[in-house]
Amino acid sequence: MAISYSSGIGRTKNSSVGIDRLRIDFDSNLRRWFNRNIGLWHSRRQYFFDEEKAINLEMYINVSKLNQGDSEFESYRFNWWCEDEKDFFIKRPTYKSKGEIIAQLQGHQLIRHSSYLSDSSGISNIRQVDEHELIFESNYDNWHVLEHTRLIDQDKFRSRTIYSWFNDKLKIVENHHETRIKNPN
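These numbers were taken from a predicted model, which means no experiment stands behind them. (Residues numbered from 1 in each chain as written. Predicted model: local features only at pLDDT ≥ 70, side-chain atom pairs only at ≥ 80, totals over all residues. Heavy atoms only, no water.)

Q: Help me understand the pattern of salt bridges, please; the structure alone is not making it clear to me.
A: Should the charged atoms of two oppositely charged side chains come close, the side chains can pair. Here the structure, examined in full by the defined rule, presents 13 salt bridges. D50 is the salt-bridge partner of K171, the closest N and O atoms lying 3.2 Å from each other. Highlighted residues: K171 in strand β12 (residues 169-182) and D50 in the loop between β3 (39-49) and β4 (55-66), separated in sequence by 121 residues. Here K171 falls in the partly exposed class, since its relative accessible area comes to 26%. Between E52 and R92 there is a salt bridge, and its shortest N-O distance comes to 2.5 Å. (Salt bridge = Lys/Arg side-chain N within 4 Å of Asp/Glu carboxyl O. Helix = DSSP H or I, 4+ residues; strand = E, 2+ residues; numbered from the N terminus. Buried < 20%, exposed > 50% of the residue type's maximum accessible area, 1.4 Å probe, protein only.)

Q: I keep staring at the pairing of strand β6 (residues 98-106) and nothing clicks. Help me out?
A: Along any regular strand the residues' side chains alternate between the sheet's two faces. Two strands pair when backbone bridges link them, and strand β5 (residues 74-81) and β6 are joined in this way by eight bridges, in the antiparallel orientation. Paired with E74 across the bridge in β6 is L105. Sheet topology note: the β6/strand β7 (residues 109-112) ladder contains four bridges and is antiparallel. Counterpart to L105 in the pairing with β7 is L110. (Pairing = 2+ DSSP bridges.)

Q: Please clarify how the nonpolar core should be interpreted in this entry.
A: Across soluble globular proteins, you tend to see nonpolar side chains buried next to one another. Within the largest apolar cluster, 30 residues are counted, with the highest numbers of intra-cluster contacts made by F34, Y47 and I126. Of all the elements in the fold, those that place two or more residues in this core are α1 (17-36), β3, β4, β5, α2 (88-91), β6, β9 (133-140) and β10 (143-152). Top element by residues in this core is β4. It accounts for four residues. (Core = buried A, V, L, I, M, F, W, Y, C linked by side-chain atoms within 4.5 Å.)

Rendered as structure tokens:
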């Protein structure tokens, strides 16, 4: 398969090299964005469920990069926990008060070994809005999830908005405001 690209001199060339060049640029941008997220985050969340009042919850998320010397793909560990669980997790057993997800960045996809609302593995397609924001689109176990994540103020904060449809019906809308507590860099 060949891709057309402009050399910048008014000509268009067909080359399979163009695919590799574009992939390298895209991969390095995504890797840089993921590396900017490494550290410990305090997450203040607001959940909107079908016709219920908004529910507030605070959690912690630790993002770390896994060292895999022989892999061409970057891998990350996402750990989360809630210190004051209230009855949120009792009323909603599909949500987990603590857990871990291992994910691997492969091109424009994030391959997750498990998902937040399910133990099923999943693939998130990634679109980069700009250098600060990514959009993840995932499908697993009849869930369709669209997540916007934006780094703010030199990576001190993150804003996440998540829309989750179950069997084509919007079931959950989440707003997360996250503050970096610890940066390993």
